[in-house]
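Observations on chain architecture
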Amino acid sequence: MTQSATPTATGSAAPTPVELMDQVAGAAAAYYRNFAALAAERGLTLMQGKTLSLLREPRPMRTLADLLACDASNVTGIVDRLEARALVRREVDPADRRIKNVVLTEEGERTVRQIRLDLMSGLTGLAQLDEADRHTFQRLLGQVFPG
């Protein structure tokens, strides 16, 4: 059974949860198409670009695998290629020497910063939101995607 939009007090139909989900999926697909293109301009795959973007702080390889929703062996290959390009380095975790943390190098920081700047230049709608709308948007995203 499909949910249909219901009229609101203003007379226009409120979007259904399914319609909202479809809109979120479309926005996510557009975001990742743009992200993949910007990563490719720097000779990176989508997964390599995503890995760089997750390294705002040093992260263990296992955590990267969880965040990227892929097998640990895939992360090893991704990190190997990023390390070969001097975008990341592996460091022993000071609290547990068995754990290897992945850390951005200065070149990696420059690369991910440029990708983010280029992404933002394509998302002009976010910059046009006033402060109250940005707070509302953040709150709503947190409600829909907690954690």
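Above this text you will find the structure in question.
Because the structure is a prediction, the values reported are computed rather than measured.

1. Observations regarding a nonpolar patch on the surface
- On the surface, Val24, Tyr31, Tyr32, Leu46, Met120, Leu123, Leu126, Phe137, Leu141, Val144 and Phe145 cluster together to form a nonpolar patch covering roughly 910 Å² of accessible area.
- Taken together, the elements giving at least two residues each to the nonpolar patch come down to helix H1 (17-41) and helix H7 (131-144).
- Residue Phe145 is classed as partly exposed on the basis of its relative accessible area, which comes to 48%.

2. Considerations on the packing of aromatic side chains
- Applying the stated criterion to the full structure yields 3 aromatic pairs.
- For the ring pair Tyr31 and Tyr32, a centre distance of 5.0 Å and an interplane angle of 85 degrees mean the geometry is edge-to-face.
- Overall, Tyr31 belongs to the partly exposed group, its relative accessible area being 32%.
- A relative accessible area of 35% places Tyr32 in the partly exposed class.
- Taken together, the ring pairs in this structure connect Tyr31, Tyr32 and Phe35 into an aromatic cluster.
- When the ring centre of Tyr32 is taken as reference, the NZ or CZ atom of Lys50 above it lies at 5.0 Å.

3. Some details on the sheet that holds strand S3 (residues 59-60)
- Read from one edge of the open sheet, 3 strands run S3-S5-S4, paired in antiparallel fashion. Single-partner strands in this sheet number two, and they are S3 and strand S4 (88-92).
- Relative to strand S5 (residues 100-104), S3 runs antiparallel, the two sharing 2 bridges. Looking at S5, one finds that Pro60 is bridged to Asn101.
- The strands touched by helix H4 (residues 72-84) are S4 and S5; relative to S4, the strand with the most contacts, the crossing angle is about 115 degrees.

4. Describing the side chain of Thr111
- For Thr111, the position within the fold is in helix H5 (residues 106-122).
- Every residue in contact with Thr111, bar those within four places of it in the chain, is listed here: Arg42, Leu44, Leu52 and Leu87.

5. Comments concerning the packing of H1 against H5
- At their nearest, the axes of H1 and H5 sit 10 Å apart, and the two run at 135 degrees to each other. Overall, the two elements H1 and H5 adopt an arrangement that is oblique. Relative to H5, H1 is oriented so that their crossing is right-handed. Taken together, the residues of H5 that come into contact with H1 (itself represented by Tyr31, Asn34, Phe35, Leu38 and Ala39) are Ile115, Asp118 and Leu119.
- The residue makeup of the contact of H1 with H5, split by class, is 6 nonpolar, 1 polar and 1 charged.

6. Quick look at the pattern of salt bridges
- If you walk through the whole model with that rule in mind, you get 8 salt bridges.
- The partner of Arg89 in a salt bridge is Glu91, with the nearest N and O atoms 2.8 Å apart.
- Under the relative-accessibility criterion, Arg89 is labelled partly exposed at 36%.
- Connected through shared salt-bridge partners, Glu41, Arg42 and Asp118 make up one network.

Basis of the calculations
Residues numbered from 1 in each chain as written. Predicted model: local features only at pLDDT ≥ 70, side-chain atom pairs only at ≥ 80, totals over all residues. Heavy atoms only, no water. Patch = residues over 30% accessible without salt bridge, like charges linked within 9 Å, V, L, I, M, F, W, Y side chains within 5 Å. Areas by Shrake-Rupley, 256 points an atom, 1.4 Å probe, with all protein chains shown as cover. Salt bridge = Lys/Arg side-chain N within 4 Å of Asp/Glu carboxyl O. Helix = DSSP H or I, 4+ residues; strand = E, 2+ residues; numbered from the N terminus. Buried < 20%, exposed > 50% of the residue type's maximum accessible area, 1.4 Å probe, protein only. Phe/Tyr/Trp six-rings, centres within 6.5 Å; stacked < 30°, edge-to-face > 60°. Lys NZ or Arg CZ within 6 Å of the ring centre and 35° of its normal. Pairing = 2+ DSSP bridges. Contact = heavy atoms within 4.5 Å. Axes fitted to C-alpha atoms, helices over the stretch in contact; angles between N-to-C directions. Parallel < 35°, antiparallel > 145°, perpendicular 65-115°, else oblique. Left-handed = near helix turned anticlockwise from the far one by under 90°. Nonpolar A, V, L, I, M, F, W, Y, C, P; charged D, E, K, R; others polar.

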